[in-house]
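Residue strings, one per chain:
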Amino acid sequence: MTTYVVGDIQACLKGLKKLLKKAEFNPKHDTLIAVGDLIGRGPQAEQTLSFLMSLSPNFKTVLGNHDLHFLAICAGIRHAKPSDKFDTLLKSKQLPQYIDWLRRQPLALALDANTLVTHAGLYPYWSISDALRFSQEVCEHLSSDNWKDWIASMYGSEPKAWSTDLEGENRTRFIVNALTRMRFIENHNQLNFECKSSPKDAPSSLQPWFCLKNPQLTKQQKVIFGHWAALQGNTQHKQFIGLDTGYLWGQSMTLLNTSTMKKLAVKH
């Protein structure tokens, strides 16, 4: 009985199945956890969701920015672009089931008492328990009957810095952005959304979120995340484990065995 965590799938079901076969994943005994961006820009959106849902109860996931974008399209807040490759999914007879399933997934989950899984990472002034609590705030909106009204307020890049005084839409928007869009921090505490490069190619004024000292984390605690293909999983920190290695972009898909903490990958 092994628990695996997989990086961004992005509707690349063929690659995922190849990776699971290489790991000898057994859906009857093993558990698969995804770091979000299950769909978006890849060729098999509906097939991917159908397959992952079929693994239940041995599959868990957090939501990524592409998953939330899909829900916003379904809510009529955004229009699908050809690059999203959602056409078949949006025409599916199972669309209501896919929507209901996705909007009941969290933005953060605890792998164990000391390990957090999110799509983008952990804002460097939050503890793991903070992230889980803030994720629950968003979950309550997404799973409610008026989720379409709430998701309209999700878009925007302000506020860029966290404050315990944040309320309402500003508060939940920052939570969503920190857990699903974050890469770099500027001016010590502000989210920067413009730069998506690797750290070595970024302006010196920007720091990867995991390079800022987080007084809320102990040395034993870990954060597993995806979202940042240009990073190629190279955080240089054992506490922070990046799993997005750009399969969609012709590179590789990565799986983490949480028992051994070893990574396994397949090339596109």
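See the structure shown above.
Residues numbered from 1 in each chain as written. Predicted model: local features only at pLDDT ≥ 70, side-chain atom pairs only at ≥ 80, totals over all residues. Heavy atoms only, no water.

Engineer: It is not clear to me how the side chain of Ser-135 should be interpreted in this structure. Could you clarify?
Structural biologist: Locating Ser-135 in the fold gives a position in helix H6 (residues 128-142). Of the residues examined, Ser-135 reaches a relative accessible area of 2% and is grouped as buried. A distance of 3.1 Å separates the side chain of Ser-135 from the backbone nitrogen of Ala-108, its partner in a polar contact. With sequence-adjacent residues up to four places away left out, Ser-135 is seen in contact with Pro-106, Leu-107, Ala-108 and Leu-179. (Helix = DSSP H or I, 4+ residues; strand = E, 2+ residues; numbered from the N terminus. Buried < 20%, exposed > 50% of the residue type's maximum accessible area, 1.4 Å probe, protein only. Polar contact = N/O pair within 3.5 Å; in protein donor to acceptor, adjacent residues only side chain to side chain. Contact = heavy atoms within 4.5 Å.)

Engineer: When you look at empty space enclosed by the protein in this model, what are you seeing that I'm missing?
Structural biologist: To find leftover empty space, one rolls a probe the size of a water molecule over the atoms. Under the criterion given, the structure shown has two cavities of 30 Å³ or more. Its volume calculated, the largest cavity comes out at about 60 Å³. Surrounding the largest cavity, 13 residues form its lining, Asp-8, Asp-244, Thr-245, Gly-246 and Tyr-247 being those nearest its centre. Counted by class, the lining of the largest cavity contains five nonpolar, six polar and two charged residues. Of the volumes computed, that of the second largest cavity is approximately 30 Å³. Forming the boundary of the second largest cavity are Leu-122, Pro-124, Trp-209, Phe-210, Leu-212, Asn-214, Leu-217 and Phe-240. (1 Å grid on protein atoms, 1.4 Å probe; cavity = no way out; pocket = protein on both sides within 12 Å on 5 of 7 lines; lining within 4 Å. Points joined across faces, edges and corners; volume = space filled by probe spheres on them. Nonpolar A, V, L, I, M, F, W, Y, C, P; charged D, E, K, R; others polar.)

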